[in-house]
Structure formats: C-alpha cells, structure tokens
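# Chains, contacts and geometry: an overview
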Amino acid sequence: MIRTSKLLGAASIVTLAALGATPAFADGTGAGTTIQNTVTVSYSVGGVAQNDQQATDQFVVDRKINLTVAEVGGTQTVVSPGATQQVTTFRVTNLSNDTADFALSVAQQAGGPGAFGGTDNFNTTGETIYIDTDNDGDWADETPVSYIDELAPDQSRTVFVVSNVPLNQVSGDVASVVLTATAHAGGTAGSQGALLTTSANNTANTVDTVLADGAGRTDAQYDGRFSAADDYIVSAAALTVLKTSSVVQDPVSGTNNPKAIPGAIVQYCISVTNAAGSATAAGVNVVDDVPAGLTYTATNFPVRTNSTSCDVAGATDTGSFSGTRVSGTLANIAGGETRTLIFQAVID
Ligand SMILES: [Ca+2]
Ligand SMILES: [Ca+2]
Ligand SMILES: [Ca+2]
Ligand SMILES: [Ca+2]
C-alpha cells in the first residue's frame, strides 16, 4: 500500500505538468474540469503474477480570475463646454478560465495627470455606463447597465461611459474618468453573481477561486478588479467683444473733422474676436440697443455684418433694425478670427 501511494503521488505530478504545457484554452483549462488519474500496480509472488492493484486520484480545476480594462481609441474625447452625453469608450476582457460577471463602476479622477496628458482639473456629471450589446459602436441604442453578465472566457465587451460637461469649462480643461470592472461569479444569467475572493484553502473536488489579475489605473494586483482611464478635454471658444464709435459727418463740417453735434452721424463698430487656438464659435448673434439721444439711420448703409475689421467696406452682409434695436448674426468665428457688426445713428 505504501508503494502504491508513492506511485500515485508521482503520477499526479506528471499529469499536472502535462496540463500546464498544453492548456485546452488560451486562458487555461476550464474551471470545474474534472481531472481523473488511475494508477495500476502489477506484481508477482513466488514467480506467479498476482492481481493488479489500482488507485484513482480526482480533483477539479479551480477558477483563475483575470481581466483587463483598456481605453479604446488611444486619445482624449474633445468636448465643448456645456456639451451633454459625451462618450468615452473602454474594452473589458475576461482572461479567466471561467465565465464571470463583471460589475462596472466609473469614478472621477481628482487631480493628477490625465490619461493622455494635461492635468485633471474638473469632473463631468451624470456618468452613465452602457455596453455595446449589438457591437455597432453606438451607445444610444443601449440601456444603462451596472455589470456585464455571463462573459465567457476570452470574450470582451465594449463599454461606454457617457457624461456631461459643465458650461463654465475653458479650453484645455481635462476630466479623467476611470472605469473599473470587478469580477463576480457568473451565477445565473440575468443576475449578478457573488463577489469573488481568493479561496483560503484548496479543496480537491471544489472549484476554489484564485484572483490572478494585474494592477490597472487605480486597482491593485490580485484584487479581482481592473481599471483604466480616459480623458475628456475641453475645446472652448473664447470670445471678447469691443464696441467703439466715431463721428463720420456733421451738418456743418461734413466729413471734414466732424464733431458730435446734433444732426451728426455716429458710426458704431461691434467687434467680436475669438482667441487664437480656440474652438470655432457658431451662431454668434449680436444685439445692440441704440442709445437714447440717437436715432438709427440707414442713409449711408443699413446694418452691416461680417467685416473682419471696423472698415465697413469689408462688411458684405446685412443685419436688421427693429424698434430701437440693431441685431445681426455673424458668420462662424474660428480661433484667432474677428467679425464685426457696423451701423450708423444720428445724434438727436
Ligand atoms: Ca476630475
Ligand atoms: Ca450599440
Ligand atoms: Ca450572471
Ligand atoms: Ca487588479
């Protein structure tokens, strides 16, 4: 019996080595697989062969949990101040030897380096998580989730984090968001299984668990979690407005060194400039109430827009005048560009 036990031990070691060398799957032999091994001992007594002695060893393969979360796209998501439902994209992969559920959570980074440069200096709001169940790259056809259900070994899912940008952010502001996936038992389809932890002991015919994951953005090695960061970076317009006036003619001197006397025509120029490097400003609408003591006049030209300076010669488009109000919509103003609205009024 003692010899038989030694043989059993040796046979088991050989079997395990063979398993390690040629795993059945990329992620190893599936958890719960039964490994059975029978040893046969033959012998003789007095030159006569006796009945063989046999013994069998059996255990089940344990659950090795490993996962990754990776940012998709390799760059920041460029957003405008006040933009809603802005998307960052991740990929969650199950590298375990078992089907598992993966709880999903998103956290706002509090300062520190962004994932793609810059420094985190604000938080987005209303973070919502979606899985791309139909793999079309679109989150809008999905419903919010809190976990990936029944992700098989070697399978992965695209996960979207959708959130809103506060209106008061300026160009270069960065918000880093961290997506963490936490391994849970698969349990049953349609519900999240129990949180997995490393088993204290190895029980031969029980599927024990070993957390074998690495350390990601904010998680540790062997904690059953993995995390990755993605950044929102703000590209804002930075408009400044300048309003100037000049007397262009008076009833006495004409255009020769005119003075601001009753009957004189005053030309106003409202100049809108977008700072260099800023996002293009669209739908720029200028509204200006003609001050008391002046009366709008279209004698020389109506309200003019879209000169790049206060020279009316370059102002090809027309604004409008109604009541006492001058208004006009300017063309899109790219970073570093200026557009103006010009009108004239007579001193009462
Ligand atoms: Ca932040
Ligand atoms: Ca989709
Ligand atoms: Ca499940
Ligand atoms: Ca980890």
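Residues numbered from 1 in each chain as written. Chains lettered and ligands numbered in written order. Predicted model: local features only at pLDDT ≥ 70, side-chain atom pairs only at ≥ 80, totals over all residues. Heavy atoms only, no water.

Attention now goes to the coordination of the calcium ion (ligand 3). Taken together, the protein ligands of the calcium ion (ligand 3) are Asp 101 (OD), Asp 101 (OD), Asp 149 (OD), Glu 150 (OE), Gly 186 (O), Thr 188 (O) and Ser 191 (O), with distances of 2.3 to 2.8 Å. Donor residues for the calcium ion (ligand 3) sit on one chain with the sequence pattern D-x47-D-E-x35-G-x1-T-x2-S. Taken together, the residues span a long stretch of sequence, with Asp 149 in strand 11 (residues 147-151) and Ser 191 in the loop between strand 13 (174-185) and strand 14 (209-211) at a distance of 42 residues. (Donors = N, O, S within 2.8 Å, 3.2 Å for Na, K, Ca; no water. Helix = DSSP H or I, 4+ residues; strand = E, 2+ residues; numbered from the N terminus.)

This part is about the packing of aromatic side chains. Within the structure shown, the criterion is met by four aromatic pairs. On the numbers, 5.3 Å between centres and 20° between planes, the contact of Tyr 268 with Phe 343 is stacked. In this pair, Tyr 268 is assigned in strand 17 (residues 265-274) and Phe 343 in strand 24 (residues 338-347), connecting sequence segments 75 residues apart. A residue is classified by how much of its surface remains accessible, and Tyr 268, at 13% relative accessible area, is buried. Between Tyr 296 and Phe 343 the ring centres are 6.5 Å apart and the planes differ by 40°, which places this aromatic pair in the tilted class. Of the two residues, Tyr 296 sits in strand 19 (residues 294-297) while Phe 343 sits in strand 24, which places them 47 residues apart along the sequence. As far as burial versus exposure is concerned, Tyr 296 and Phe 343 are alike and both buried. Following the ring pairs from residue to residue traces out a cluster consisting of Tyr 268, Tyr 296, Phe 321 and Phe 343. Cation over ring: Lys 243 sits above Tyr 268, and NZ or CZ is 5.2 Å from the ring centre. (Phe/Tyr/Trp six-rings, centres within 6.5 Å; stacked < 30°, edge-to-face > 60°. Buried < 20%, exposed > 50% of the residue type's maximum accessible area, 1.4 Å probe, protein only. Lys NZ or Arg CZ within 6 Å of the ring centre and 35° of its normal.)

Now for the pattern of salt bridges. A complete count under the given rule lists four salt bridges for this structure. A salt bridge links Glu 337 to Arg 339, with the shortest nitrogen-to-oxygen separation between them at 3.4 Å. (Salt bridge = Lys/Arg side-chain N within 4 Å of Asp/Glu carboxyl O.)

In this section: the coordination of the calcium ion (ligand 1). As a benchmark, a tetrahedral metal site with four donors has ideal angles of 109.5 degrees, while an octahedral site with six donors has ideal angles of 90 or 180 degrees. Protein coordination at the calcium ion (ligand 1) comes from Gln 109 (O), Asp 120 (OD), Asp 120 (OD), Phe 122 (O) and Asn 123 (OD1), with a distance range of 2.3 to 2.5 Å. The sequence pattern describing where the donors of the calcium ion (ligand 1) fall on their chain is Q-x10-D-x1-F-N. Separated by 14 residues along the polypeptide, Gln 109 in the loop between strand 9 (100-108) and strand 10 (125-131) and Asn 123 in the loop between strand 9 and strand 10 bring together distant segments of the chain. When its relative accessible area of 13% is taken as the criterion, Gln 109 is described as buried.

Tallying each qualifying case throughout the model produces one disulfide. Sulfur-sulfur distance for the disulfide between Cys 269 and Cys 310 comes to 2.0 Å. Measuring the twist about the S-S bond at about -80°, one finds the Cys 269-Cys 310 disulfide to be left-handed. Of this pair, Cys 269 sits in strand 17 while Cys 310 sits in the loop between strand 20 (304-307) and strand 21 (317-318); the two residues are 41 residues apart in sequence, bridging distant segments of the chain. Given a relative accessible area of 4%, Cys 269 falls into the buried group. (Disulfide = S-S within 2.5 Å.)

Time to look at the environment of Thr 133. Looking at the element boundaries, Thr 133 is found in the loop between strand 10 and strand 11. Exposure remark for Thr 133: the relative accessible area of 58% places this residue in the exposed category. Distance from Thr 133 to Ile 261, taken between C-alpha atoms, is 73 Å for residues 128 residues apart in sequence. Within polar-contact distance, the side chain of Thr 133 engages the side chain of Glu 142 at 2.6 Å. (Polar contact = N/O pair within 3.5 Å; in protein donor to acceptor, adjacent residues only side chain to side chain.)

Relative to the assigned elements, Leu 196 resides in the loop between strand 13 and strand 14. For the pair Leu 196 and Arg 91, spaced 105 residues apart in sequence, the C-alpha separation works out to 21 Å. Each residue touching Leu 196, except ones within four places of it in the same chain, is listed here: Arg 63, Ile 65, Ala 183, His 184, Ala 185, Thr 209 and Leu 211. (Contact = heavy atoms within 4.5 Å.)

Honestly, that's just the spatial picture; any functional story needs more than this.
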